[in-house]
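The lines below spell out each chain.
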Amino acid sequence: MVREYVARNGFTYQQGWRDFRIAFNIAYRTNITLLMEHHKAKHGVKSLTMPEYLAHIGQLEDTLRAADKMLNGGCAG
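Attention in this report is confined to the structure presented alongside it. (Residues numbered from 1 in each chain as written. Predicted model: local features only at pLDDT ≥ 70, side-chain atom pairs only at ≥ 80, totals over all residues. Heavy atoms only, no water.)

Another aspect to go through is the packing of aromatic side chains. Each aromatic ring pair is described using two quantities: the centre-to-centre distance and the angle formed by the ring planes. Applying the stated rule across the entire model yields five aromatic pairs. With centroids separated by 5.0 Å and ring planes inclined at 45°, the aromatic side chains of Phe24 and Tyr28 adopt a geometry described as tilted. Remark: Tyr28 and Phe24 occur in helix H2 (residues 13–28); sequence separation between them is four residues, near one turn of the helix. With a relative accessible area of 1%, Phe24 lands in the buried category. Pairwise contacts between aromatic rings join Tyr13, Trp17, Phe20, Phe24 and Tyr28 into one cluster. (Phe/Tyr/Trp six-rings, centres within 6.5 Å; stacked < 30°, edge-to-face > 60°. Helix = DSSP H or I, 4+ residues; strand = E, 2+ residues; numbered from the N terminus. Buried < 20%, exposed > 50% of the residue type's maximum accessible area, 1.4 Å probe, protein only.)

Another point: the packing of H2 against helix H5 (residues 60–71). Between H2 and H5, the least distance of the axes is 9 Å, while the angle of their chain directions is 115°. Relative to H5, the element H2 is oriented roughly perpendicular. Considering only the axes of H2 and H5, their crossing is right-handed. Touching Gly16, Asp19, Phe20, Ala23, Phe24 and Tyr28 of H2 are Asp62, Thr63, Arg65, Ala66, Ala67 and Met70, all from H5. Classifying every residue of the contact of H2 with H5 gives seven nonpolar, two polar and three charged. (Axes fitted to C-alpha atoms, helices over the stretch in contact; angles between N-to-C directions. Parallel < 35°, antiparallel > 145°, perpendicular 65-115°, else oblique. Left-handed = near helix turned anticlockwise from the far one by under 90°. Contact = heavy atoms within 4.5 Å. Nonpolar A, V, L, I, M, F, W, Y, C, P; charged D, E, K, R; others polar.)

On to helix H1 (residues 2–9). The set of residues buried in H1 consists of Val2, Tyr5 and Val6. The arc that holds the buried residues of H1, viewed along the axis, is 100°, so those residues lie on one side. Exposed positions of H1 whose direction lies more than 90 degrees from the buried face are Arg3, Ala7 and Arg8. Residues of H1 that are buried make contact with H2 and H5. (Arc of directions from axis to C-beta.)

Note that all results are geometric; they support no functional claim without further evidence.
This is the structure:
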């Protein structure tokens, strides 16, 4: 969904993920970057992508909702 968002809007892939983080953080009143860092430290993980983290903590449905909102004009970075 982030790839589609990037293609539709002519953004870089990096900008698409930045916009996703903003949309997710606003929608769920959290800081996903900080949560990922805590998770990596707690579990001794050196590298973890955002999709991997969200799948691991069971938030793929919330992820899809936030991405869908981005695609349909709910958040533009």
